[in-house]
Number of protein chains: 2
Amino acid sequence: METSVLKFGGTSVGDFDKIKDIAGELQSRVSRGEKLIVVVSAMGGMTDELLRNASRLSSAPKEDHVALLLTTGEQQTISYLSIVLEDLGVCTKAMTGYQAGIKTFGGHMKSRIADIDEKRLKETLEIHDVIVIAGFQGINDDLEITTLGRGGSDTTAVAIAARCGMPCEIYTDVDGVYTTDPRVYGAASRIHEITYDEMMEMSALGAGVLETRCVEIAKNHAIPLYLGRTLSEEKGTWIMQDTQVLERKAVTGAALDSDIIHVTLYEPQKESTLIFDLFEKFEKHDINIDMISQVVNSEGFQLSFTVKDADSYRLDEIFEAVGHMHPEMMLDARTTRSKVSIIGSGMRDMTGVASKAFRALQAAGIPFYQTTTSEISISYVVDSVNDKQAVEVLATAFEL
Amino acid sequence: METSVLKFGGTSVGDFDKIKDIAGELQSRVSRGEKLIVVVSAMGGMTDELLRNASRLSSAPKEDHVALLLTTGEQQTISYLSIVLEDLGVCTKAMTGYQAGIKTFGGHMKSRIADIDEKRLKETLEIHDVIVIAGFQGINDDLEITTLGRGGSDTTAVAIAARCGMPCEIYTDVDGVYTTDPRVYGAASRIHEITYDEMMEMSALGAGVLETRCVEIAKNHAIPLYLGRTLSEEKGTWIMQDTQVLERKAVTGAALDSDIIHVTLYEPQKESTLIFDLFEKFEKHDINIDMISQVVNSEGFQLSFTVKDADSYRLDEIFEAVGHMHPEMMLDARTTRSKVSIIGSGMRDMTGVASKAFRALQAAGIPFYQTTTSEISISYVVDSVNDKQAVEVLATAFEL
């Protein structure tokens, strides 16, 4: 008996016709002998509508009450899909997060999954063809309904797949993972197989198709993960272990993140508490910083890093406070820069990737202001006016 | 510490302004030192909309999936009301049916309450001012979400009150219980105190303000039950024990049920299995019959009873089937008749009520075709053209 976990996002279940189309596809898979666990999101637009309602009622609605409200969206989708599936003769069980035993911990609106009632799911699948589960939600130790935060339904699906030892197929409105964003580089091609590590780097570096956390769960439990377009014949992308990927290239993909601020701080002292003072403030405000480089030379201390544009509203306050403590500090923060990255697990054992990338950018006359590397990626800070060209140059150099 | 259970129906929470008004009223009661358990229905119209959606997706949607769908309505109301209450500084906990430990048994869409987690409610009320609970819903032993059927939210409120030993106030769009329907008899007056038994008879006989089942629960646990208009200064009706009602009259109210079919069957045989054959069919089709009278005289066997108009679509089929088994049976079924009743627990120990009522109808020239009595009520079948006049005559005779 073949069993899989499938996930359909909000646009895939955006109206009743789409729900019927998905039900038809599930029916045909069931008729071929499959048993399926299907995780669904709220119908497109519903979560936003509920959030708007909450804001109409209070400028600062309490998170536990908002989580309780939002989860009705997914509960309606599982009801609707189950009604259609039964109408097609598919024996279906619908489950909310609580009913599927999805225990969570952490804040009401960014909870993490602690446990899933695998036994209940497997027993239910013995007497049903399909279980339809509400994504994005769970219940905490106080019996309070929680939501999982960004990419929550993907996490629900992958966590269930991990717990039950099944492959996980995530259906969305993109048809797979591309070597780089096709809107940035028209010649980008779809990747049919990619390793967990590469996918995690790509997600972390701005290729926003899957949350890093989902890929991490899949990796930790060695669950094959598929990403493709809903009801499409096109072959999407399988994300899998290193050893399962047949053809490996040094560089698998390139990512562009334009929404960054590039910050450089100088202080003439060679011994400085600047890093400590600054990072403490970032941590306090829950701001992530990235691409950290620090050097001490004859002219003093220099620190560079990038921050997400979305966090900019806090930066002025932080820099002002740190400036008071470090009066000689000089600050250079630019929103006109972007981060361009290349990713490939082949970098681990193939040499020359870095030098090839440097040469390509140089030959194209694209200046870069900072470079950082991880085990399987290299990132460059470039001027935003050049960022798409930089992606093109790198994509061409590595035949992406 | 004064604690009460309050219930607000669908029209009372029909839009966000109404929800805010109710929150304001709750806030002022909390500021006077009260702690409250508040049961709410789905916002007016929402349940119907969800039911329509279910019908669009399937001509026969499965009840468990429909129950799951409908309960999102109340879950949204408790979220909204809790958001507003917190915004007003009222420490509020929202609970769905299963979070309140409302265990049910029976069909998914007409479940009955088996148990309530009194301990959890009382502990929660220790650290919160208000608990807002989703009415109409619970969870069964298989962890499936269920709904309670007609008048379900009232039942939720009364059952919680009964379990926790608190009075229960039901707020709706009528301002209390009347001696008879003011639309039928303009001079009808509001009853400020009525006994459980009288209220149950009134509900059963067609005064559709409260389900009999709710009153029964209140009676069994001696919980004072209030019925009044939402946010009205007008004093509504307290439903309470016999001994608590100060001023007792022989007849407390009159009820009219125009939506009946009056059926009389004859068979020349004195010994007949007609009753058995017929009632078996009624039971099989889950049809309630009322006002059953049966006589055997020299002309044979005669059976009269009333059936709700709503069940008429099954009657032809039943009578045809029974007619085949009893070829000499004669049938007289009339939709042009109504049932008029007078109710009063004073009938138990005050004599002359029946004869006074008979005389009043006779004096007014209103013929009646059948009479049945219970311990605290008398019902008459009259022609529908006379039914309002009959109510008036009786209301005048007993000074209602």
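For clarity, every value in this text was computed on a predicted model and none was experimentally measured.

Asks: Is there a simple way to think about the sheet that holds strand S15 (residues 253-257) of chain A in this case?
Replies: Strand-to-strand pairing in sheets goes through backbone hydrogen bonds, with the strands running parallel or antiparallel. All names here are of chain A. One open sheet holds the 4 strands; their spatial order is S15-S20-S22-S21, and the pairing between them is antiparallel. Every other strand in the sheet has two partners, leaving S15 and strand S21 (368-374) as the edge strands with one partner each. Neighbour-to-neighbour, the strand axes of the sheet open up by a mean angle of 20°, direction not taken into account. Contacts between helix H6 (residues 196-204) and the sheet are confined to S15, strand S20 (337-343), S21 and strand S22 (377-383), with S20 contributing the most and set at about 175° to the helix. Contacts from helix H11 (residues 387-397) reach S15, S20 and S22 within the one sheet, and its direction differs from that of S20 by about 15°.

Asks: In this structure, what is going on with the relation of the copies chain B and chain A? I would like to understand it.
Replies: Each of the two chain copies can be generated from the other by rotation about an axis followed by a shift along it. You can overlay chain B on chain A at an RMSD of 0.2 Å; the transform is a turn of 180° with a shift of 0.1 Å along its axis. Look at the turn and shift together and you get a two-fold axis relating the two. Closest approach to the rotation axis among the C-alpha atoms of chain B is made by B:Thr72, whose C-alpha sits 2.7 Å away. Same-surface contact between copies: 100% of interface residues of chain B are shared with the interface of chain A.

Asks: So what exactly am I meant to see when it comes to the pattern of salt bridges here?
Replies: For the structure on display, the rule yields 40 salt bridges over all chains. Notably, a salt bridge pairs A:Lys219 with A:Asp197, separated by 2.8 Å at the nearest N-O pair. Linking A:Lys219 in helix H7 (residues 212-220) with A:Asp197 in helix H6, this pair joins segments that are 22 residues apart in sequence. Ionic pairing is found between B:Asp290 and B:Lys339, a salt bridge with its closest N-O pair at 2.5 Å. Taken together, the residues B:Asp290 in strand S17 (residues 289-297) and B:Lys339 in strand S20 (residues 337-343) connect sequence positions 49 residues apart. Exposure remark for B:Asp290: the relative accessible area of 34% places this residue in the partly exposed category. Classification of B:Lys339 by relative accessible area gives buried; the value is 2%. Sharing partners across several salt bridges, the network here consists of A:Asp115, A:Glu118, A:Lys122 and A:Arg163.

Asks: Quick question: what am I supposed to make of H6(A) here?
Replies: Owing to its 3.6 residues per turn, the α-helix aligns residues three or four sequence positions apart on the same side. Within H6(A), 8 of the 9 residues are buried, which leaves it mostly tucked inside the rest of the structure. Listing the buried residues of H6(A) in full gives A:Tyr196, A:Asp197, A:Glu198, A:Met199, A:Met200, A:Glu201, A:Met202 and A:Ser203.

Asks: Could you clarify how one ought to interpret the sheet that holds strand S18 (residues 300-308) of chain A in this entry?
Replies: All names here are of chain A. Here 4 strands make up an open sheet; going across it, the order is S17-S18-S16-S19 and the pairing antiparallel. Because the sheet does not close on itself, it has two edges, and the strands there are strand S17 (289-297) and strand S19 (330-334). Looking at each pair of strands side by side, their axes are set apart by 10° on average, direction ignored. Of the strands in this sheet, strand S16 (260-267), S17 and S18 touch helix H8 (residues 274-284), which is tilted by about 15° from S18.

Asks: Please explain the pairing of strand S9 (residues 168-172) of chain A as it appears in this structure.
Replies: Look at any regular strand and the pattern is simple: side chains alternate between the two faces of the sheet. Residue and element names in this part refer to chain A. Among the 5 residues of S9, 4 are classified as buried, and the element is accordingly described as predominantly covered. As paired elements, strand S1 (residues 3-8) and S9 share 4 bridges and run parallel to each other. Residue pairing for S9: Leu6 is matched across the bridge by Glu169. Of the pairings in the sheet, the one linking S9 to strand S13 (residues 225-229) comprises 5 bridges and is parallel in character. The residue bridging Cys168 from the neighbouring strand is Leu225, located in S13.

Asks: Is there a simple way to think about the UniProt feature "binding site: substrate" (unreviewed entry) in chain A in this case?
Replies: All names here are of chain A. Look at the UniProt record and you will see "binding site: substrate" (unreviewed entry) annotated at Thr47 and Glu74. Judged by maximum C-alpha separation, these annotated positions cover 28 residues in sequence but sit close together in space, the widest gap being only 8.9 Å. With near-sequence residues (within four places) excluded, Thr47 lies in contact with Ala42, Leu70 and Glu74. Within the secondary structure layout, Glu74 lies in helix H3 (residues 63-87). Exposure remark for Glu74: the relative accessible area of 2% places this residue in the buried category. Once residues within four sequence positions are removed from consideration, Glu74 is found in contact with Val40, Ser41, Ala42, Thr47, Ala134, Gly135, Phe136 and Gln137. A distance of 3.4 Å separates a polar side-chain atom of Glu74 from the backbone nitrogen of Ala42.

Asks: I would appreciate a short explanation of the environment of B:Ile22 in the present structure.
Replies: All names here are of chain B. Examined against the element boundaries, Ile22 turns out to sit in helix H1 (residues 16-31). You can call Ile22 buried: its relative accessible area is 1%. On a C-alpha basis, the gap between Ile22 and Phe8 in space is 8.7 Å, while along the polypeptide they are 14 residues apart. In this structure Ile22 touches Phe8, Ser12, Val13, Leu81, Thr230 and Leu231, once residues within four positions along its chain are discounted.

Asks: Just to check I follow, could you spell out the pairing of S15(A) for this structure?
Replies: Summarising burial for S15(A): 5 of the 5 residues are buried, a large majority. Of the two faces of S15(A), the one lined by A:Gly253, A:Ala255 and A:Asp257 and the one lined by A:Ala254 and A:Leu256 are each fully buried.

Asks: What is the right way to read the interface of chain B and chain A from this model?
Replies: In many reports, interface size means the accessible area that the parts give up when they come together. Between chain B and chain A, the contact holds 40 residues from the first and 40 residues from the second. Carbon and sulfur atoms make up 61% of the surface buried where chain B meets chain A, a total of about 3500 Å² over both sides. Linking chain B with chain A are 4 salt bridges, by the criterion used here. Of the charged contacts in the structure, one is a salt bridge between B:Glu86 and A:Lys62, with a shortest N-O distance of 3.6 Å. Along the contact surface separating chain B from chain A lie 18 residue pairs in polar contact (both at pLDDT 80 or more). If you tally residues by element for the side of chain B that touches chain A, the top one is helix H3 (residues 63-87) of chain B, at 16 residues. Here the side of chain B that touches chain A is composed, by residue class, of 18 nonpolar, 13 polar and 9 charged.

Asks: What is the right way to read the environment of B:Ile289 from this model?
Replies: All names here are of chain B. If you trace the backbone, Ile289 turns up in strand S17. With 28 residues separating them along the chain, Ile289 and Ile261 place their C-alpha atoms 10.0 Å apart. Sequence-distant contacts of Ile289, that is, excluding residues within four places in its chain, are made with Phe279, Phe282, Phe305, Thr306 and Val307.

Asks: Please explain the environment of A:Thr230 as it appears in this structure.
Replies: Residues and elements named next belong to chain A. Here Thr230 is to be found in the loop between S13 and strand S14 (237-240). Under the relative-accessibility criterion, Thr230 is labelled buried at 16%. Spatially, the C-alpha atoms of Thr230 and Ser341 are 29 Å apart, while their sequence positions differ by 111 residues. Contacts of Thr230, omitting those with residues within four sequence positions, involve Phe8, Ser12, Ile22, Tyr171 and Thr172. Within the local environment of Thr230, its side chain forms a polar contact with the side chain of Ser12, the two groups lying 2.6 Å apart.

Asks: How should helix H9 (residues 312-325) of chain B be read in this particular structure?
Replies: Residues and elements named next belong to chain B. Taking 1.5 Å per residue, 14 residues should reach 20 Å; H9 reaches 21 Å between its end C-alpha atoms and fits that length. Those residues of H9 that fall on the buried side of the exposure criterion are Leu315, Ile318, Phe319 and Val322. Buried residues of H9, viewed axially, fall in a sector of 100°; they line one side. Turned more than 90 degrees from where H9 packs its buried face, Tyr313, Asp316, Glu320 and His324 sit exposed.

Asks: When you look at the packing of helix H2 (residues 46-57) of chain A against H3(A) in this model, what are you seeing that I'm missing?
Replies: For any two helices packed against each other, one specifies the inter-axial angle together with the distance between the axes. All names here are of chain A. Their axes nearest at 9 Å, the elements H2 and H3 cross at an angle of 155°. Put simply, H2 runs roughly antiparallel to H3. Along this stretch, H2 crosses H3, giving a crossing that reads as right-handed. Along the contact surface, H2 presents Met46, Thr47, Leu50, Leu51 and Ala54, while H3 presents Val66, Leu69, Leu70, Thr72, Gly73, Glu74 and Gln76. Residues of the contact of H2 with H3, tallied by class, amount to 7 nonpolar, 4 polar and 1 charged.

What counts, and where the lines are drawn
- Residues numbered from 1 in each chain as written.
- Chains lettered and ligands numbered in written order.
- Predicted model: local features only at pLDDT ≥ 70, side-chain atom pairs only at ≥ 80, totals over all residues.
- Heavy atoms only, no water.
- Pairing = 2+ DSSP bridges.
- Helix = DSSP H or I, 4+ residues; strand = E, 2+ residues; numbered from the N terminus.
- Axes fitted to C-alpha atoms, helices over the stretch in contact; angles between N-to-C directions.
- Contact = heavy atoms within 4.5 Å.
- Least-squares fit on C-alpha atoms with pLDDT ≥ 70 in both.
- Salt bridge = Lys/Arg side-chain N within 4 Å of Asp/Glu carboxyl O.
- Buried < 20%, exposed > 50% of the residue type's maximum accessible area, 1.4 Å probe, protein only.
- UniProt positions renumbered as here; feature names shortened; annotations may be inferred.
- Polar contact = N/O pair within 3.5 Å; in protein donor to acceptor, adjacent residues only side chain to side chain.
- Buried area = accessible area lost by both parts, 1.4 Å probe.
- Nonpolar A, V, L, I, M, F, W, Y, C, P; charged D, E, K, R; others polar.
- Expected span 1.5 Å × (residues − 1).
- Arc of directions from axis to C-beta.
- Parallel < 35°, antiparallel > 145°, perpendicular 65-115°, else oblique.
- Left-handed = near helix turned anticlockwise from the far one by under 90°.

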